[in-house]
Amino acid sequence: MSIPQATIRQMEGLSQTQLEVVIELVNVLSHSSIEPGTSVEKQKNKSKGRPIGLLKGQDLYDDDWDFDEDNEMIAKMFEGES
């Protein structure tokens, strides 16, 4: 029996909700960058190369921004929380 035939046979008894979950999973997997035969651990290590949400060359802050400008206010916010 081929894999598609076995898959259809397994899905025949599933409820509507279960089938929706399977479809969503198939959609996620079909758009995934996981290569066949790649272990989960290797995939985790591979994805650590760049933080989520950062585009290559994207500035994270304005060049004119003073990082230390609000230090006093921040210190007051956390006063006594040691």
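Preceding this paragraph is the structure being described.
**Details of a nonpolar patch on the surface**
A cluster of nonpolar side chains, namely Met73, Ile74, Met77 and Phe78, defines an oily patch on the protein surface of about 420 Å² accessible area. Following the sequence through the fold, Met73 ends up in helix α4 (residues 71-77). Judged by relative accessible area, which is 47%, Met73 ranks as partly exposed.

**A look at a negative patch on the surface**
A cluster of like negative charges, contributed by Asp66, Asp68, Glu69 and Asp70, occupies part of the molecular surface. Among the secondary structure elements, Glu69 is positioned in the loop between α3 (40-46) and α4. Looking at Glu69, the relative accessible area reads 53%, which means it is exposed.

The rules behind these values
- Residue positions are counted from 1 within each chain, in the order its sequence is given.
- Note on the predicted model: pLDDT of at least 70 is required for a residue's local features to be given, and 80 or more for side-chain atom pairs to be given and counted; whole-chain, interface and lining totals, by contrast, use all residues.
- Excluded from the side-chain calculations are hydrogens and water; all other atoms, namely the structure's heavy atoms, are used.
- What goes into a patch is any residue over 30% in relative accessible area without a salt bridge, connected to like charges within 9 Å or, for nonpolar side chains (Val, Leu, Ile, Met, Phe, Trp, Tyr), within 5 Å.
- Every accessible area reported is derived by Shrake-Rupley at a probe size of 1.4 Å, with residue values counting cover from the shown protein chains alone.
- In what follows, salt bridge is the name for a side-chain nitrogen of Lys or Arg lying within 4 Å of a carboxyl oxygen of Asp or Glu.
- A helix here means a DSSP run of H or I that spans at least four residues, while a strand means a run of E at least two residues long, and both kinds are numbered starting from the N terminus.
- Buried, partly exposed and exposed residues are distinguished by accessible area as a fraction of the type maximum, computed with a 1.4 Å probe on protein chains only: under 20%, between the cut-offs, and over 50%, respectively.
- Counted as positive: Lys and Arg. Counted as negative: Asp and Glu. His and the chain ends are not counted at all.
- For the purpose of locating charges, the reference atoms are NZ of Lys, CZ of Arg, CG of Asp and CD of Glu.

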